[in-house]
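Structure at a glance
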Amino acid sequence: MTASDLAKILGFYGRFTPTYSRIGYWGRRTQWTRSKRDFTGQNWLVTGASGGIGAAIVAGAAEAGATVIAVARSEDKLAQARASLSPEAAARVESRICDLSSVASIATLLASLRDDGRRIDVLQNNVGVLFNELEMTGEGFETTYVINLLGQYQLTEGLIDAGLLGEKPLIVNMASGGLYNVPQNTKLLNVTDAKRYGGKVAYASHKRGQVVLSGLWNERLKPMGGHSYVLHPGWARTEGVQKALPTFYKIQGAILRSPAEGADTALWLAAERPSAAGRSIWFDRAVRPEHVFPHTHSAKCTDEDLVAFLKQDLSKAIASE
Ligand SMILES: NC(=O)c1ccc[n+]([C@@H]2O[C@H](COP(=O)([O-])OP(=O)(O)OC[C@H]3O[C@@H](n4cnc5c(N)ncnc54)[C@H](OP(=O)(O)O)[C@@H]3O)[C@@H](O)[C@H]2O)c1
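We now turn to the structure provided with this report. (Residues numbered from 1 in each chain as written. Predicted model: local features only at pLDDT ≥ 70, side-chain atom pairs only at ≥ 80, totals over all residues.)

What about the overall build of the chain?
We apply this condition: A run of H or I in DSSP counts as a helix once it spans at least four residues, and a run of E counts as a strand once it spans at least two, with each numbered from the N terminus. Buried, partly exposed and exposed are defined by the number of other C-beta atoms within 10 Å of a residue's own C-beta, namely 20 or more, between the two limits, and 12 or fewer respectively, with C-beta atoms placed from the backbone. We call two residues in contact if the C-beta atoms placed from their backbones are at most 7 Å apart.
If you tally the helices and strands in the chain, you get 12 helices and 8 strands. Considering only C-alpha atoms, the chain reaches an extent of 60 × 50 × 40 Å along its principal axes. For the chain, the residues scored as buried account for 44% of the 321 residues in total. Considering only contacts within the chain whose residues lie at least 6 apart along the sequence, 75% involve residues at least 24 apart.

What follows is the structure, given as structure tokens:
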């Protein structure tokens, strides 16, 4: 490792550990009011719901009275997460199996939601993964691109277009502080060449893309009195982080947030519905800047380019089924 690499690493941890770790959460929560939440009568849909932050969002919503559709691949993991809830909350949680890396599987989920006819009041687009090595889906996409962005676009647009959102709906998009490392850029969304693929850059680019989508959906929900938010959770101790960033997980270990701490702002936004929505990036119950490094300020594509890119990929995938 060169001295400049070491300086970069120390600079990174020095800058972000105090705020993104549990230290930041514990410091800030002393300023927060603790009101009892009541989501009774609301239908939620949470993706990536069988573990980590997603399971904590399900728990927070169901314990406060919401009925929750919990979406993930593993029936066993979903059942385990449900078993950790109070019996009353567990009875309000329904598991739906869906591979969110598959356009076909998401289309099936949408069809089943249409058949139910149940309106979703709060959609938590929580699922998100970082792979260090390139993986491709059977449909020809880089896998994390579909999980982190294209599939979220498909699911959300599908729900809106089918009129499956409730009155004054909310969409809450779980991004990552990683987005601060890259400018908006369609070229980095679906990198299918192993030589060009970098997991962290792909992940960051998808997360930057979520900011654009949150702005788009906020405009779409306005006539319905709804909001779309985008947030990041800080650094939480989850299986996803352990797998994707083992060294980071080891170094930060004890000071990572719990999944419930990582879920705090997602639940708070749903309860408080603040007016700053769309592209405003939330973290620890406050709006944060859209950029922290100078090199990301100038976008490499427009919002319209990004949406057109997703639309085209989605149409291609649907047409080939
Ligand atoms: N943890 C952090 O420090 C951190 C930091 C910044 C941002 N975030 C963001 O927060 C969100 C949650 O992160 P996390 O760390 O809690 O994640 P995690 O521990 O990796 O949990 C992943 C969840 O997603 C599901 N999942 C993974 N692949 C899936 C697929 N193909 N189809 C359906 N479900 C799938 C898993 O369930 P199955 O295995 O049952 O499918 C599991 O429920 C993500 O968007 C992440 O990017 C987290």
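Let us keep going from here.
A short note on the nonpolar core
This is how it is decided: Note on terminology: a nonpolar core is a set of buried residues of type Ala, Val, Leu, Ile, Met, Phe, Trp, Tyr or Cys, with members joined through C-beta atoms within 7 Å.
Ranked by size, the top nonpolar core spans 83 residues in total, and within it Val58, Val68, Ala70 and Leu231 carry the most contacts. Sort the elements by how many residues they give to this core and helix α8 (residues 199–221) lands first, with 9 residues. With sequence-adjacent residues up to four places away left out, Ala70 is seen in contact with Val46, Ala49, Ser50, Val58, Leu78, Val93, Glu94, Ser95 and Arg96.

Observations regarding the sheet that holds strand β5 (residues 165–174)
The following threshold applies: Two strands form a pair only when DSSP identifies at least two bridges running between them. In this analysis, axes come from line fits to C-alpha atoms, helices being fitted only over the stretch in contact, and the angle between any two N-to-C directions falls in the range 0 to 180 degrees.
In space, the 8 strands of this open sheet follow the order β3-β2-β1-β4-β5-β6-β7-β8, with mixed pairing throughout. Each end of this open sheet is capped by a strand with a single partner; those strands are β3 (93–97) and β8 (286–288). Each strand axis lies, on average, 30 degrees off the axis of its neighbour in the sheet, ignoring direction. Direction of pairing for strand β1 (residues 43–47) relative to strand β2 (residues 67–72): parallel, over a ladder of 5 bridges. The residue of β2 that forms the bridge with Trp44 is Val68. Its contacts with the sheet place helix α7 (residues 143–161) against β4 (120–125) and β5, and it is angled at close to 170 degrees to β4. Of the strands in this sheet, β4, β5, β6 (227–231) and β7 (281–283) touch helix α11 (residues 259–272), which is tilted by about 155 degrees from β5.

Let's talk about the packing of helix α3 (residues 52–63) against α11
To keep it simple, the criterion reads: Orientation labels follow simple angle bins: below 35 degrees gives roughly parallel, above 145 gives roughly antiparallel, 65 to 115 gives roughly perpendicular, and whatever is left gives oblique. Throughout, a crossing is termed right-handed when the near helix is turned clockwise from the far one, and left-handed when it is turned anticlockwise from it by less than a right angle.
Between α3 and α11, the shortest axis-to-axis distance is 8 Å and the interhelical angle comes to 60 degrees. Taken together, the axes of α3 and α11 lie oblique to each other. Note on packing geometry: the crossing formed by α3 with α11 is right-handed. Facing α3, whose interface residues are Gly52, Ile53, Ala55, Ala56, Ile57, Gly60 and Ala61, α11 presents Pro259, Ala260, Gly262, Ala263, Ala266 and Leu267.

Examining α11
Applicable threshold: Multiplying 1.5 Å by the helix residue count minus one yields the expected span of that helix. Bend, in this description, refers to the angle at a residue between axes fitted to the seven residues ending there and the seven starting there.
Taking 1.5 Å as the rise per residue, α11 with 14 residues should run 20 Å; its terminal C-alpha atoms sit 20 Å apart, in good agreement. At Thr265, α11 shows its strongest bend, of approximately 35 degrees. Taken residue by residue, α11 has Pro259, Glu261, Gly262, Ala263, Asp264, Thr265, Ala266, Leu267, Leu269 and Ala270 as its buried positions. Here the buried face of α11 lies against α2 (22–29), α3, β4, β5, β6 and β7. One or two residues past the end of α11 sits Arg273, with phi positive at roughly 45 degrees.

Regarding the site of the ligand
For clarity, the cut-off: Nearness between a residue and a molecule or strand is assessed with a C-beta atom placed from the backbone; a distance within 6 Å qualifies. Note on residue classes: Ala, Val, Leu, Ile, Met, Phe, Trp, Tyr, Cys and Pro are nonpolar, Asp, Glu, Lys and Arg are charged, and everything else, Gly too, is polar.
Inspection of the region around the ligand gives 31 residues, with Gly48, Gly52, Arg73, Gly128 and Gly240 positioned closest. Elements that contribute at least two residues to the shell around the ligand include exactly α3 and α9 (239–244). A per-class count over the shell around the ligand returns 13 nonpolar, 14 polar and 4 charged.

Overview of α7
Given 3.6 residues per turn, any residue in an α-helix points the same way as the ones three and four places further on. An ideal rise of 1.5 Å per residue puts 27 Å on 19 residues; α7 measures up with 25 Å between its terminal C-alpha atoms. At Leu150, α7 shows its maximal kink, close to 45 degrees. With 14 of its 19 residues buried, α7 lies for the most part within the structure. Once α7 ends, the next one or two residues include Gly163, with phi positive near 65 degrees.

Some thoughts on the pairing of β1
Extensive coverage of β1 is indicated by the burial of 5 of its 5 residues. Alternating positions in β1 separate into two faces, Asn43, Leu45 and Thr47 on one and Trp44 and Val46 on the other, with burial throughout. In the sheet, β1 pairs with β4 via 3 bridges, with the strands oriented parallel. Its bridge partner lying in β4, Trp44 is registered against Val122.

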